[in-house]
Amino acid sequence: MKPVEKNPGCELDLGWINSINVNLSAVNDFAKQLAASKVLKDEYRAAWILKAITLIDLTTLAGDDTNSNVSRLCFKATKPIAEDLLKELGFSYDKGCPIKTAAVCVYPSKVPDAVQTLKKLGYYKKVNVASVATGFPAGQTPLKARLEEIRYAVEKGANEIDIVIDRSLVLTGQWEELYREIQQMKEACGLAHMKTILATGELDTLINIYKASLVAMMAGSDFIKTSTGKESVNATLQFGIVMARAIKEYQQKMGYKVGLKPAGGVRNAKDALSWMVLVKELLGNDWLDAELFRFGASGLLGDLECNLYEFVTGKYPAAYEFSMG
């Protein structure tokens, strides 16, 4: 797939925003169909799982993050599957294996650790360095501080920034202010790709999620992302359906493709494959690529690796056999 042209955004169109309606019954029915889908079996399922691994932003966002666990994260990102298992699947790290995660995602203060480790491994920019910013996860710090946090992360080597919006602007319908804030964040990102976290579980309604998605794209977001992973409700298929429909509408009207990133709650192979089917059905095959679709996850990789082990051996391993430690 050729590189996706970055979304330049457009003027805020309040008429478009205010015309939005969402059919809740239709969204719920489609979500149930996706959750019940069992169309992928055997080698086809294994192939989709391998693809899912390449779509992961492997994440650590803990208060006790250290240089060592960020380094381990980077090692795992570059070689996400055990070598003996990988060989059984027909790949080898010694022969330019394409199986690696799309990015590692860390706090701004840990960006230098991630950059340094990936450079030592020869994978800097082959595996992207993403950083959360803008007062993550609440987004309630002053705008000036949020913008400085973005600039710091970019200066230290992050080439992707996951910003978080001020949810109160959505809940009170302050679309112009939300648009202006995201525009300034996009400018602060410079050449780094910007993923806009909507924190969908805190936006009250699917209509608010659709409207916030459109405003974020109008302001120049390269991706829209469901959640910080810290909310009580994170990535649900209903949220994904609404966001995907907004992405499709924006692409049809403006001509630019914007990415989708579910984060929080995508914990196993079944969840991941349901999201991939959602993307294929609503957005098309072009979106089944790291340029346009990511999983924000910390525990997902372990379950995907266990599922590949089961495919190869016929036995599901104990959880500790494929751990990040």
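The structure contained in this document is the topic of the report that follows. Each residue is numbered by its place in its chain's sequence as written, counting from 1. Where local features are concerned, this predicted model is filtered to residues with pLDDT of at least 70; where side-chain atom pairs are given and counted, the filter is 80 or more; whole-chain, interface and lining totals use all residues. Hydrogens and water are ignored here; the side-chain numbers use all heavy atoms of the structure.

1. Considering the packing of aromatic side chains
Here the aromatic set is Phe, Tyr and Trp, taking the six-membered ring for Trp, and pairing holds for ring centres within 6.5 Å; pairs whose planes are under 30 degrees apart are stacked, those over 60 apart are edge-to-face, and all others are tilted. Here the structure, examined in full by the defined rule, presents three aromatic pairs. Ring geometry for Trp16 versus Tyr250: centroids 6.3 Å apart, planes at 10 degrees, classification stacked. Of this pair, Trp16 sits in helix α1 (residues 14-18) while Tyr250 sits in helix α11 (residues 237-254), and the two are 234 residues apart along the sequence. In this structure, Trp16 and Tyr250 share a single accessibility class: buried. Judged by centre distance (4.9 Å) and plane angle (75 degrees), the ring pair of Phe293 and Phe295 falls under edge-to-face. Here Phe293 and Phe295 have matching classes, each one buried. Here, over-ring charges are defined by two tests on the NZ atom of lysine or the CZ atom of arginine: distance to the ring centre within 6 Å, and angle to the ring normal within 35 degrees. Sitting over the face of the ring of Tyr123, Lys126 holds its NZ or CZ atom 5.7 Å from the ring centroid. Above the ring of Trp16, the side-chain terminus of Lys253 is found at 4.1 Å from the ring centroid. Helix and strand labels come from DSSP, where a helix needs a run of H or I of at least four residues and a strand needs a run of E of at least two; each type is numbered from the N terminus. Burial classification: accessible surface area is computed with a 1.4 Å probe over protein chains only, and a residue below 20% of its type maximum counts as buried, one above 50% as exposed, and the rest as partly exposed.

2. Comments concerning unusual backbone geometry
The linkage connecting Phe136 with the following residue, Pro137, adopts the cis geometry, with an omega of 0 degrees. By secondary structure assignment, the location of Pro137 is in the loop between β3 (128-132) and α7 (143-155). A positive phi angle is found at Ala199, which is not glycine, with a value near 55 degrees. Mapped onto the elements, Ala199 comes out in the loop between β5 (193-197) and α10 (206-218). Positive phi, close to 75 degrees, is recorded for Asp204, a residue that is not glycine. As for its position among the elements, Asp204 is in the loop between β5 and α10.

These values are about where atoms sit, not about what they do.
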